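Chain by chain, the residues run as shown.
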Amino acid sequence: MSQIIKAFTGIFMVLFLMATSMEILGAFVQTLQVQNLHGQVIDELENSDYSIAVLEEAFQIAKNHGVTLEVLLYLEDGSFMRCDSQSTVPASLGHVEMAEVAVSCPIQIPFVGLDKRHRLVGYAR
């Protein structure tokens, strides 16, 4: 009788660890995708010299991936512009010195009870 209890306990632990590992790996893959998107947005902004069309496209890509994109543009005259959606992108820009690019996404692991917001911040110069 004790062997049956030990066997079922062992099977339960293996299933528990397997389910937890799958959710952690899923969150890890999602984080990697967000990191790739973040790097792609920074590279495209730098290579396009902060083009408005590229900025609008970046917001569209972020929306398609289900993440939140915020861009803070630092202008040459010392002012800055905050863009947090495609509708807030200005029609024209002055000379942009650099941009702060922040991408955030939810990370959820329900089996463990983890529900956080992951935020990556980088700078395009």
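Structure's up top.
Residues numbered from 1 in each chain as written. Predicted model: local features only at pLDDT ≥ 70, side-chain atom pairs only at ≥ 80, totals over all residues. Heavy atoms only, no water.

(A) Layout of the pairing of strand S3 (residues 96-109). Of all 14 residues that make up S3, eleven are buried, and the element is covered over most of its length. Two elements, strand S1 (residues 68-75) and S3, share eight bridges in a ladder whose sense is antiparallel. When the sheet's bridge partners are listed, Glu70 is paired in S3 with Ala102. From the end of S3 to the start of strand S4 (residues 114-124), which pair antiparallel, there are four residues, and Gly113 there has a positive phi angle of about 90°. (Buried < 20%, exposed > 50% of the residue type's maximum accessible area, 1.4 Å probe, protein only. Helix = DSSP H or I, 4+ residues; strand = E, 2+ residues; numbered from the N terminus. Pairing = 2+ DSSP bridges.)

(B) Fine view of the sheet that holds S3. Taken together, four strands build an open sheet; the order of strands is S2-S1-S3-S4 and the sheet is antiparallel. Every other strand in the sheet has two partners, leaving strand S2 (80-83) and S4 as the edge strands with one partner each. Geometrically, the sheet is characterised by an average inter-axis angle of 15° between neighbouring strands, direction not taken into account. Across eleven bridges, S3 lies against S4 in antiparallel orientation. Bridge pairing in S4 places Cys105 opposite His118. Lying on the sheet, helix H1 (residues 2-47) is in contact with S1, S3 and S4; it crosses S3 at an angle near 165°. Packed on one face of the sheet, helix H2 (residues 52-65) meets S1 and S2 and runs near 160° to S1. (Axes fitted to C-alpha atoms, helices over the stretch in contact; angles between N-to-C directions. Contact = heavy atoms within 4.5 Å.)

(C) Here's a closer look at the pattern of salt bridges. In total, this model carries one salt bridge according to the counting rule given. One salt bridge connects Arg119 with Glu70, and the closest N-O pair in it is separated by 3.5 Å. In this pair, Arg119 sits in strand S4 while Glu70 sits in strand S1, placing the two residues 49 residues apart along the sequence. Given a relative accessible area of 43%, Arg119 falls into the partly exposed group. (Salt bridge = Lys/Arg side-chain N within 4 Å of Asp/Glu carboxyl O.)

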